[in-house]
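Structural characterization, general
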Amino acid sequence: MVAAAARPSPHIPVLLRPLLETVAPVSGVWIDGTFGAGSYARGLVEAGAETVIGIDRDPLAHEMAEGWLADYDGRIRLERGTFSDMDEIAGDPVDGVVLDLGVSSMQLDLAERGFSFMRDGPLDMRMSQEGPTAADLVNEAPEEELADILYHYGEERASRRIARQIVRAREAESFKTTAQLAETVEKCLPRPKPGQSHPATRSFQAIRIAVNDEFGQLAEGLEAAERALKPGGKLAVVTFHSLEDRVVKRFLQLAASTGGGGSRYAPAAEDHTPRFDLTPRRAIAPDEEELAENPRARSSRLRVATRTDAPAERTDRSKLGLPAPAFRG
(Lines give C-alpha, C1' and ligand atoms only; values in the text may rest on other atoms or scores of the structure.)
Protein backbone atom coordinates (compact mmCIF):
# COMPACT_ATOMS: atom_id res chain seq x y z
CA MET A 1 0.00 0.00 0.00
CA VAL A 2 1.15 3.56 -0.68
CA ALA A 3 1.44 5.65 2.48
CA ALA A 4 -0.89 8.64 2.59
CA ALA A 5 1.99 11.11 2.76
CA ALA A 6 3.57 9.55 -0.30
CA ARG A 7 0.51 9.57 -2.50
CA PRO A 8 0.91 11.40 -5.82
CA SER A 9 -0.62 14.76 -6.52
CA PRO A 10 -4.01 14.77 -8.32
CA HIS A 11 -3.73 13.70 -11.96
CA ILE A 12 -4.81 16.27 -14.55
CA PRO A 13 -6.01 14.54 -17.73
CA VAL A 14 -4.48 15.90 -20.92
CA LEU A 15 -6.62 16.87 -23.94
CA LEU A 16 -9.74 15.32 -22.37
CA ARG A 17 -12.05 18.17 -23.42
CA PRO A 18 -11.07 18.16 -27.14
CA LEU A 19 -11.07 14.36 -27.10
CA LEU A 20 -14.66 14.19 -25.89
CA GLU A 21 -15.71 16.90 -28.34
CA THR A 22 -14.07 15.11 -31.27
CA VAL A 23 -15.55 11.64 -30.57
CA ALA A 24 -19.03 12.95 -29.63
CA PRO A 25 -21.64 11.65 -29.26
CA VAL A 26 -20.23 9.17 -26.72
CA SER A 27 -22.31 6.03 -26.17
CA GLY A 28 -22.00 2.29 -25.74
CA VAL A 29 -18.94 0.42 -24.49
CA TRP A 30 -15.49 2.01 -24.45
CA ILE A 31 -12.00 0.81 -23.52
CA ASP A 32 -9.65 3.05 -21.57
CA GLY A 33 -6.46 1.13 -22.31
CA THR A 34 -4.22 3.24 -20.08
CA PHE A 35 -6.45 3.67 -17.04
CA GLY A 36 -4.03 5.39 -14.63
CA ALA A 37 -6.03 7.59 -12.25
CA GLY A 38 -9.23 6.93 -14.24
CA SER A 39 -9.75 10.48 -15.51
CA TYR A 40 -10.54 9.48 -19.10
CA ALA A 41 -12.81 6.64 -17.96
CA ARG A 42 -14.80 8.99 -15.73
CA GLY A 43 -14.96 11.59 -18.47
CA LEU A 44 -16.31 9.04 -20.93
CA VAL A 45 -19.02 7.84 -18.53
CA GLU A 46 -20.06 11.40 -17.73
CA ALA A 47 -20.20 12.12 -21.49
CA GLY A 48 -22.59 9.22 -22.13
CA ALA A 49 -20.70 5.91 -22.29
CA GLU A 50 -22.74 3.05 -20.85
CA THR A 51 -19.65 1.11 -19.75
CA VAL A 52 -15.89 1.75 -19.73
CA ILE A 53 -13.47 -1.16 -19.49
CA GLY A 54 -10.29 0.16 -17.90
CA ILE A 55 -6.97 -1.65 -18.41
CA ASP A 56 -3.74 -1.01 -16.51
CA ARG A 57 -0.65 -3.06 -15.69
CA ASP A 58 0.35 -0.82 -12.78
CA PRO A 59 -0.80 -2.19 -9.36
CA LEU A 60 -0.94 1.39 -8.04
CA ALA A 61 -3.73 2.23 -10.51
CA HIS A 62 -5.81 -0.64 -9.14
CA GLU A 63 -5.10 0.31 -5.53
CA MET A 64 -6.07 3.95 -6.08
CA ALA A 65 -9.30 3.01 -7.88
CA GLU A 66 -10.58 0.94 -4.95
CA GLY A 67 -11.79 4.06 -3.18
CA TRP A 68 -14.07 5.37 -5.95
CA LEU A 69 -14.97 2.65 -8.49
CA ALA A 70 -18.09 1.69 -6.52
CA ASP A 71 -19.46 5.21 -7.06
CA TYR A 72 -20.04 4.33 -10.73
CA ASP A 73 -22.32 1.33 -10.09
CA GLY A 74 -20.39 -1.04 -12.33
CA ARG A 75 -20.22 1.33 -15.30
CA ILE A 76 -16.41 1.37 -14.97
CA ARG A 77 -14.68 -2.02 -14.85
CA LEU A 78 -10.93 -2.21 -14.19
CA GLU A 79 -8.83 -5.12 -15.48
CA ARG A 80 -5.18 -5.97 -14.80
CA GLY A 81 -3.26 -6.29 -18.07
CA THR A 82 -1.80 -4.42 -21.02
CA PHE A 83 -3.67 -2.64 -23.77
CA SER A 84 -2.05 -4.92 -26.34
CA ASP A 85 -4.56 -7.56 -25.14
CA MET A 86 -7.58 -5.22 -25.09
CA ASP A 87 -9.61 -7.13 -27.67
CA GLU A 88 -9.33 -10.35 -25.63
CA ILE A 89 -10.05 -8.54 -22.36
CA ALA A 90 -13.14 -6.83 -23.79
CA GLY A 91 -14.50 -9.95 -25.49
CA ASP A 92 -17.17 -8.31 -27.65
CA PRO A 93 -16.52 -5.44 -30.11
CA VAL A 94 -16.59 -1.97 -28.54
CA ASP A 95 -17.67 1.52 -29.58
CA GLY A 96 -14.46 3.33 -28.73
CA VAL A 97 -10.88 3.06 -27.49
CA VAL A 98 -8.83 5.71 -25.68
CA LEU A 99 -5.06 5.44 -25.17
CA ASP A 100 -3.09 7.97 -23.12
CA LEU A 101 0.52 6.98 -23.76
CA GLY A 102 3.67 7.40 -21.72
CA VAL A 103 4.22 7.84 -18.00
CA SER A 104 1.49 9.35 -15.82
CA SER A 105 1.90 12.18 -13.34
CA MET A 106 1.04 9.82 -10.47
CA GLN A 107 4.04 7.67 -11.45
CA LEU A 108 6.35 10.66 -11.90
CA ASP A 109 5.37 12.15 -8.54
CA LEU A 110 6.26 9.05 -6.51
CA ALA A 111 10.02 8.99 -5.86
CA GLU A 112 9.92 5.28 -5.00
CA ARG A 113 8.81 4.42 -8.56
CA GLY A 114 12.08 5.79 -9.95
CA PHE A 115 10.67 7.51 -13.05
CA SER A 116 11.81 11.08 -12.35
CA PHE A 117 15.23 12.69 -12.18
CA MET A 118 13.62 15.44 -10.09
CA ARG A 119 13.00 13.10 -7.14
CA ASP A 120 15.70 10.80 -5.79
CA GLY A 121 14.54 7.22 -5.46
CA PRO A 122 15.38 3.67 -6.48
CA LEU A 123 16.19 3.34 -10.17
CA ASP A 124 13.13 1.29 -11.10
CA MET A 125 10.81 2.73 -13.82
CA ARG A 126 8.72 -0.45 -14.20
CA MET A 127 5.07 0.31 -14.91
CA SER A 128 4.01 -3.24 -14.03
CA GLN A 129 6.44 -3.46 -11.08
CA GLU A 130 7.57 -6.76 -12.58
CA GLY A 131 10.63 -7.80 -14.58
CA PRO A 132 14.02 -6.10 -15.07
CA THR A 133 14.40 -2.59 -13.65
CA ALA A 134 16.10 0.50 -15.01
CA ALA A 135 18.99 -0.29 -12.65
CA ASP A 136 19.34 -3.70 -14.33
CA LEU A 137 19.53 -1.97 -17.70
CA VAL A 138 22.14 0.67 -16.84
CA ASN A 139 24.25 -1.81 -14.84
CA GLU A 140 24.16 -4.73 -17.28
CA ALA A 141 23.55 -3.57 -20.86
CA PRO A 142 26.64 -3.39 -23.09
CA GLU A 143 27.85 0.11 -23.93
CA GLU A 144 26.75 -0.13 -27.56
CA GLU A 145 23.24 -1.25 -26.57
CA LEU A 146 22.98 1.58 -24.04
CA ALA A 147 24.02 4.10 -26.69
CA ASP A 148 21.46 2.73 -29.14
CA ILE A 149 18.68 2.94 -26.54
CA LEU A 150 19.55 6.54 -25.68
CA TYR A 151 19.73 7.53 -29.34
CA HIS A 152 16.68 5.70 -30.71
CA TYR A 153 14.34 6.09 -27.73
CA GLY A 154 15.48 9.48 -26.46
CA GLU A 155 16.83 11.10 -29.65
CA GLU A 156 19.86 11.92 -27.51
CA ARG A 157 22.66 13.20 -29.76
CA ALA A 158 25.28 12.63 -27.04
CA SER A 159 24.20 9.00 -26.63
CA ARG A 160 27.64 7.46 -27.11
CA ARG A 161 29.30 9.89 -24.72
CA ILE A 162 26.66 9.24 -22.06
CA ALA A 163 26.78 5.46 -22.52
CA ARG A 164 30.57 5.52 -22.18
CA GLN A 165 30.32 7.52 -18.95
CA ILE A 166 27.65 5.19 -17.54
CA VAL A 167 29.87 2.15 -18.16
CA ARG A 168 32.86 3.86 -16.50
CA ALA A 169 30.78 4.91 -13.50
CA ARG A 170 29.22 1.49 -12.94
CA GLU A 171 32.69 -0.13 -12.81
CA ALA A 172 33.31 1.83 -9.62
CA GLU A 173 29.79 1.56 -8.15
CA SER A 174 26.55 0.05 -9.41
CA PHE A 175 23.70 2.43 -10.17
CA LYS A 176 20.96 2.20 -7.55
CA THR A 177 19.19 5.59 -7.54
CA THR A 178 17.75 8.12 -9.96
CA ALA A 179 20.08 10.80 -8.54
CA GLN A 180 23.15 8.73 -9.44
CA LEU A 181 22.02 8.38 -13.03
CA ALA A 182 20.94 12.01 -13.38
CA GLU A 183 24.29 13.25 -12.05
CA THR A 184 26.21 10.97 -14.41
CA VAL A 185 24.26 12.22 -17.43
CA GLU A 186 24.62 15.86 -16.34
CA LYS A 187 28.42 15.54 -16.33
CA CYS A 188 28.34 14.64 -20.02
CA LEU A 189 26.30 17.62 -21.22
CA PRO A 190 26.50 21.43 -21.16
CA ARG A 191 24.60 23.29 -18.47
CA PRO A 192 21.09 24.02 -19.82
CA LYS A 193 20.14 27.56 -20.73
CA PRO A 194 17.06 29.16 -19.12
CA GLY A 195 13.92 27.51 -20.44
CA GLN A 196 15.69 24.37 -21.63
CA SER A 197 14.81 20.95 -20.23
CA HIS A 198 16.95 19.12 -17.68
CA PRO A 199 20.01 17.42 -19.28
CA ALA A 200 18.79 13.99 -18.16
CA THR A 201 15.31 14.33 -19.70
CA ARG A 202 16.04 12.43 -22.91
CA SER A 203 18.07 9.72 -21.20
CA PHE A 204 15.39 9.02 -18.59
CA GLN A 205 12.74 8.89 -21.32
CA ALA A 206 14.81 6.42 -23.34
CA ILE A 207 15.53 4.11 -20.42
CA ARG A 208 11.88 4.13 -19.30
CA ILE A 209 10.73 3.24 -22.83
CA ALA A 210 13.22 0.38 -23.02
CA VAL A 211 12.37 -1.03 -19.58
CA ASN A 212 8.66 -1.10 -20.40
CA ASP A 213 8.95 -2.08 -24.09
CA GLU A 214 6.67 0.85 -24.84
CA PHE A 215 7.06 0.80 -28.62
CA GLY A 216 6.45 -2.94 -28.86
CA GLN A 217 3.36 -2.46 -26.70
CA LEU A 218 2.24 0.52 -28.81
CA ALA A 219 2.39 -1.37 -32.12
CA GLU A 220 0.55 -4.34 -30.62
CA GLY A 221 -1.93 -2.04 -28.87
CA LEU A 222 -2.88 -0.20 -32.04
CA GLU A 223 -3.49 -3.51 -33.79
CA ALA A 224 -5.54 -4.73 -30.80
CA ALA A 225 -7.62 -1.54 -30.92
CA GLU A 226 -8.32 -2.16 -34.61
CA ARG A 227 -9.51 -5.69 -33.80
CA ALA A 228 -11.59 -4.51 -30.82
CA LEU A 229 -13.53 -1.70 -32.52
CA LYS A 230 -16.93 -2.01 -34.17
CA PRO A 231 -17.46 -0.39 -37.59
CA GLY A 232 -17.95 3.29 -36.79
CA GLY A 233 -16.04 2.95 -33.51
CA LYS A 234 -13.61 5.69 -32.50
CA LEU A 235 -9.91 5.37 -31.71
CA ALA A 236 -8.40 8.31 -29.77
CA VAL A 237 -4.68 8.32 -28.93
CA VAL A 238 -2.85 10.94 -26.85
CA THR A 239 0.94 11.03 -27.26
CA PHE A 240 3.59 13.00 -25.40
CA HIS A 241 6.65 13.01 -27.63
CA SER A 242 7.45 12.98 -31.32
CA LEU A 243 8.54 9.32 -31.41
CA GLU A 244 5.15 8.10 -30.15
CA ASP A 245 3.22 10.48 -32.36
CA ARG A 246 5.18 9.40 -35.43
CA VAL A 247 4.32 5.73 -34.87
CA VAL A 248 0.62 6.49 -34.29
CA LYS A 249 0.50 8.78 -37.33
CA ARG A 250 2.10 6.19 -39.60
CA PHE A 251 -0.14 3.40 -38.31
CA LEU A 252 -3.27 5.42 -39.03
CA GLN A 253 -2.00 6.58 -42.42
CA LEU A 254 -1.31 2.99 -43.45
CA ALA A 255 -4.66 1.78 -42.07
CA ALA A 256 -6.53 4.61 -43.83
CA SER A 257 -4.77 4.13 -47.16
CA THR A 258 -6.59 2.78 -50.20
CA GLY A 259 -3.34 1.60 -51.78
CA GLY A 260 -2.77 2.51 -55.41
CA GLY A 261 -0.32 5.25 -56.25
CA GLY A 262 3.02 4.23 -57.63
CA SER A 263 5.39 5.85 -60.10
CA ARG A 264 8.14 4.92 -62.51
CA TYR A 265 10.43 4.63 -59.44
CA ALA A 266 8.18 2.48 -57.22
CA PRO A 267 5.40 -0.03 -57.92
CA ALA A 268 1.83 0.80 -56.97
CA ALA A 269 0.57 -0.61 -53.70
CA GLU A 270 -2.17 -3.22 -53.92
CA ASP A 271 -5.62 -1.63 -53.71
CA HIS A 272 -7.50 -2.35 -50.50
CA THR A 273 -10.36 -1.00 -48.42
CA PRO A 274 -9.29 1.46 -45.69
CA ARG A 275 -9.67 0.11 -42.15
CA PHE A 276 -9.87 3.61 -40.64
CA ASP A 277 -11.10 7.04 -41.66
CA LEU A 278 -8.98 9.87 -40.31
CA THR A 279 -11.31 12.28 -38.53
CA PRO A 280 -9.75 14.82 -38.28
CA ARG A 281 -6.68 14.29 -40.43
CA ARG A 282 -4.34 16.44 -38.32
CA ALA A 283 -3.26 16.01 -34.72
CA ILE A 284 -4.93 18.20 -32.08
CA ALA A 285 -2.67 20.17 -29.73
CA PRO A 286 -3.56 21.69 -26.33
CA ASP A 287 -4.90 25.23 -26.38
CA GLU A 288 -3.63 28.13 -24.28
CA GLU A 289 -6.23 27.54 -21.56
CA GLU A 290 -5.10 23.96 -21.05
CA LEU A 291 -1.40 24.89 -21.08
CA ALA A 292 -2.04 27.46 -18.38
CA GLU A 293 -3.76 24.83 -16.23
CA ASN A 294 -1.29 22.03 -16.95
CA PRO A 295 2.18 22.86 -18.35
CA ARG A 296 2.91 19.10 -18.65
CA ALA A 297 0.50 19.06 -21.61
CA ARG A 298 2.77 21.21 -23.80
CA SER A 299 4.12 18.34 -25.93
CA SER A 300 0.89 16.32 -26.09
CA ARG A 301 -0.97 15.54 -29.31
CA LEU A 302 -4.32 13.86 -29.94
CA ARG A 303 -5.13 11.79 -33.01
CA VAL A 304 -8.60 10.40 -33.68
CA ALA A 305 -9.75 7.89 -36.31
CA THR A 306 -13.00 6.05 -37.11
CA ARG A 307 -13.05 2.31 -37.77
CA THR A 308 -14.55 1.13 -41.07
CA ASP A 309 -16.11 -2.27 -41.75
CA ALA A 310 -12.96 -3.60 -43.46
CA PRO A 311 -11.41 -6.69 -41.81
CA ALA A 312 -8.58 -6.02 -39.37
CA GLU A 313 -5.08 -6.67 -40.68
CA ARG A 314 -1.62 -6.99 -39.20
CA THR A 315 0.41 -3.87 -39.97
CA ASP A 316 3.80 -4.06 -41.66
CA ARG A 317 5.97 -3.10 -38.67
CA SER A 318 8.84 -2.03 -40.93
CA LYS A 319 6.68 0.89 -42.12
CA LEU A 320 5.85 2.24 -38.66
CA GLY A 321 9.21 3.83 -37.96
CA LEU A 322 9.64 1.82 -34.76
CA PRO A 323 12.98 2.45 -33.02
CA ALA A 324 15.46 -0.31 -32.22
CA PRO A 325 14.44 -3.36 -30.13
CA ALA A 326 13.86 -2.83 -26.39
CA PHE A 327 16.09 -4.06 -23.58
CA ARG A 328 15.07 -7.57 -22.58
CA GLY A 329 17.04 -8.00 -19.36
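Residues numbered from 1 in each chain as written. Predicted model: local features only at pLDDT ≥ 70, side-chain atom pairs only at ≥ 80, totals over all residues. Heavy atoms only, no water.

1. Let's talk about the nonpolar core
With 62 residues, the main nonpolar core has Ile 31, Met 86, Val 97, Leu 137, Leu 181, Ile 207 and Leu 235 as its most contacted residues. For this core, the leading source of residues is helix 11 (residues 214-228), giving 7 residues. Leaving out residues up to four positions away in the same chain, Met 86 has contacts with Ile 31, Ile 55, Val 97, Leu 99, Gly 221, Ala 224, Ala 225 and Ala 228. Listed in part, the 26 residues of the second largest apolar core include Val 14, Trp 30, Ala 41 and Ala 65. (Core = buried A, V, L, I, M, F, W, Y, C linked by side-chain atoms within 4.5 Å. Buried < 20%, exposed > 50% of the residue type's maximum accessible area, 1.4 Å probe, protein only. Helix = DSSP H or I, 4+ residues; strand = E, 2+ residues; numbered from the N terminus. Contact = heavy atoms within 4.5 Å.)

2. Details of the packing of aromatic side chains
Each aromatic ring pair is specified by the distance between its two centres and by the angle formed by the two planes. With the rule as written, the count across this model stands at 5 aromatic pairs. For the ring pair Trp 68 and Tyr 72, a centre distance of 5.8 Å and an interplane angle of 80 degrees mean the geometry is edge-to-face. Where Phe 117 meets Phe 204, the ring centres are 5.4 Å apart and the plane angle is 85 degrees; that geometry is what we call edge-to-face. Highlighted residues: Phe 117 in the loop between helix 5 (105-108) and helix 6 (134-140) and Phe 204 in helix 10 (residues 201-211), separated in sequence by 87 residues. The class for Phe 117 is partly exposed, based on a relative accessible area of 21%. Given a relative accessible area of 3%, Phe 204 falls into the buried group. Linked through ring pairs, Phe 35, Trp 68 and Tyr 72 together constitute an aromatic cluster. Sitting above the plane of the Phe 276 ring, Arg 307 keeps its charged end 5.8 Å from the centroid. (Phe/Tyr/Trp six-rings, centres within 6.5 Å; stacked < 30°, edge-to-face > 60°. Lys NZ or Arg CZ within 6 Å of the ring centre and 35° of its normal.)

3. Concerning the pairing of strand 2 (residues 51-56)
Of all 6 residues in strand 2, 5 are buried; the element is thus mostly enclosed. Across 4 bridges, the pairing between strand 1 (residues 29-32) and strand 2 is parallel. Its bridge partner lying in strand 2, Trp 30 is registered against Val 52. Crossover strand 1 to strand 2 through helix 2 (residues 39-47) is right-handed. Since strand 2 and strand 3 (residues 76-80) lie parallel, the crossover through helix 3 (residues 59-65) that links them has a hand, and here it is right-handed. (Pairing = 2+ DSSP bridges. Right-handed = clockwise from strand over helix to strand, strands pointing away.)

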